[in-house]
Amino acid sequence: MQNQVPKEDYLMSKFLETLPPNNRVKILNLKAESFLETPTLQLHCDNCNGVRNFNTQDSAYLHYSYIEKTYLIYKCSNCKEQIKIYSLLIFPKEGMIYKLGEYPTFGPPTPAKLINLLGAERETFLKGRRCEN
C-alpha cells in the first residue's frame, strides 16, 4: 500500500531522517538538471551509542525527464564505521522522491538491556517491531 503524498514540501534531511520506507514526498528545491542534495543527517549510531552526524560522498545527477534510482550511503562522522543506506526513486520532473528502503531498518534503536531480556524471543520481537514501524 502506497502512502498518500503529504501536503507539505519536505527538506531532504527531514525526509531521510523521519519517514519510513514506502513514502513519496515533494522535496524542496529538487530540480531537474541538477545534483541531488545530500545534507548531513542526525542519526543514532550504535557504535557511538547516541545521535551523531552522518555524511555521504554520494550524489546523483537528475535528468530532466527520467526517473532515477539511486542509493545513498551515509557514514557516522564520529566513529567512521556505522553506515546507513537509503534506496530511492527520484522523479525530478515532479520534484518527488520515493523511499524504497533503508538499512539498518527504519525506527528507533532497541535498547541493549531489552535485547538481553528477550533472550530466544529476540528475533520475533524485532520482526514485530519492524512491522509496526
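Residues numbered from 1 in each chain as written. Predicted model: local features only at pLDDT ≥ 70, side-chain atom pairs only at ≥ 80, totals over all residues. Heavy atoms only, no water.

Our next topic: the pairing of strand β8 (residues 96–103). Taking burial as the measure, the eight residues of β8 include six buried ones, the bulk of the element. As paired strands, strand β1 (residues 23–26) and β8 are joined by four bridges and run antiparallel to one another. Bridge pairing in β8 links Lys26 to Met96. Pairing between strand β7 (residues 83–91) and β8: seven bridges, direction antiparallel. The residue of β8 that forms the bridge with Leu89 is Tyr98. The hairpin turn running from β7 into β8, its antiparallel successor, is four residues long, and Gly95 in that turn takes a positive phi close to 75 degrees. (Buried < 20%, exposed > 50% of the residue type's maximum accessible area, 1.4 Å probe, protein only. Helix = DSSP H or I, 4+ residues; strand = E, 2+ residues; numbered from the N terminus. Pairing = 2+ DSSP bridges.)

Attention now goes to the state of the cysteines. The final tally for this structure, using the stated rule, is zero disulfides. Cys48 provides the cysteine sulfur closest to Cys45, a residue in no disulfide bond, and the two sulfurs are 3.6 Å apart. Sulfur of Cys76: no disulfide; nearest cysteine sulfur belongs to Cys45 and is 3.8 Å away. Exposure remark for Cys76: the relative accessible area of 1% places this residue in the buried category. (Disulfide = S-S within 2.5 Å.)

On to the nonpolar core. Counting 23 residues, the largest nonpolar core has Met12, Phe15, Leu16, Leu88 and Ile97 as the members making the most contacts within it. At the level of secondary structure, the elements contributing two or more residues to this core comprise α1 (12–18), β3 (41–45), β6 (68–76) and β7. Not counting residues up to four positions away in its chain, the partners in contact with Leu88 are Met12, Phe15, Leu16, Glu68, Lys69, Thr70, Leu72, Ile97, Tyr98, Lys99 and Leu100. (Core = buried A, V, L, I, M, F, W, Y, C linked by side-chain atoms within 4.5 Å. Contact = heavy atoms within 4.5 Å.)

Once that is clear, we can look at the sheet that holds β8. On the basis of which strands lie adjacent, the open sheet formed by six strands has the order β1-β8-β7-β6-β4-β3 and antiparallel pairing. The sheet terminates laterally at β1 and β3, the two strands that pair on one side only. Averaged over all neighbouring strand pairs, the angle between strand axes comes to 40 degrees, with direction disregarded. Here strand β4 (residues 50–55) runs beside β6; their pairing, made up of two bridges, is antiparallel. In the strand pairing of β6, Asn55 is matched with Lys75. (Axes fitted to C-alpha atoms, helices over the stretch in contact; angles between N-to-C directions.)

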